[in-house]
Amino acid sequence: MLPPEELVQRLDWILSAAQRYLRQLPDSDMQSQLPGRPRSYRDLTYHLFQISRAFLGVASGQELTYEKLGESPGDHLVTFADIADDGEATRRELLAWWENIGANMDFETEVAPYYGPQSLHETLERTAWHTGQHVRQLLFILEGLDIAPDSPIGDRELSGLPLPNQVWDG
């Protein structure tokens, strides 16, 4: 498992990439559905940042529930740029948390997310790979729309993360 400081760096890169890709998506596709899944592009892109928000909650002692990760974007997020801006606020919050509190936390502390007890370190790793997986899906969506992604992520951002082999669930 990558050390916490490396996982936070990876999340920074992954969240930055997500923002770039969101700004490339046409707003006319906000309600388009993912392949084989009842989730809109709008919901996926919001969820991508919600993962880090939920982690920050866990790191501060809040419970991580399935419902928290599945929250819908508010009515004020009407464009992909709005979601990207909201995501930038989350990215900055993550980096401020790391600088002010996170780097000094005990990552062996056990937390109890809805998927079972884990260390804070394991939860951070899951946050990074889960977010990275959804950014891989965004790349797939852009390719399907014949849009060349702005600075595609690759090994620098994703190596060492336990990502699924497939971009979409089998």
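As a reminder, the structure under discussion sits directly above these lines.
Residues numbered from 1 in each chain as written. Predicted model: local features only at pLDDT ≥ 70, side-chain atom pairs only at ≥ 80, totals over all residues. Heavy atoms only, no water.

The next point concerns the environment of Gly57. Here Gly57 lies in helix 2 (residues 41–59). Considered as a pair, Gly57 and Lys68 are eleven residues apart in the sequence and their alpha carbons are 9.9 Å apart. (Helix = DSSP H or I, 4+ residues; strand = E, 2+ residues; numbered from the N terminus.)

It is worth spelling out the packing of aromatic side chains at this point. In the structure shown here, the tally under the stated rule is six aromatic pairs. An aromatic cluster of at least three residues, connected via ring pairs, comprises Phe55, Trp97, Trp98 and Phe107. Geometry around Tyr115 places Arg126 over its ring, the cationic atom sitting 3.7 Å from the centre. One cation-aromatic arrangement involves Arg156 over Trp13; the distance from NZ or CZ to the ring centre is 3.9 Å. (Phe/Tyr/Trp six-rings, centres within 6.5 Å; stacked < 30°, edge-to-face > 60°. Lys NZ or Arg CZ within 6 Å of the ring centre and 35° of its normal.)

Looking now at empty space enclosed by the protein. Tallied over the full model, the rule gives two cavities of 30 Å³ or more. If you add up the space inside the largest cavity, you get close to 70 Å³. Broken down by secondary-structure element, the contributors of at least two residues to the lining of the largest cavity are helix 2 and helix 5 (120–144). In terms of residues, the lining of the largest cavity owes the most to one element, helix 5, which gives four residues. Residues belonging to the lining of the largest cavity are distributed by class as follows: six nonpolar, three polar and one charged. As a volume, the second largest cavity reaches approximately 40 Å³. Arg53, Ala54, Gly57, Val58, Gln62, Glu63, Leu64 and Lys68 are the residues that line the second largest cavity. Looking at the lining of the second largest cavity residue by residue, the class counts come to three nonpolar, two polar and three charged. (1 Å grid on protein atoms, 1.4 Å probe; cavity = no way out; pocket = protein on both sides within 12 Å on 5 of 7 lines; lining within 4 Å. Points joined across faces, edges and corners; volume = space filled by probe spheres on them. Nonpolar A, V, L, I, M, F, W, Y, C, P; charged D, E, K, R; others polar.)

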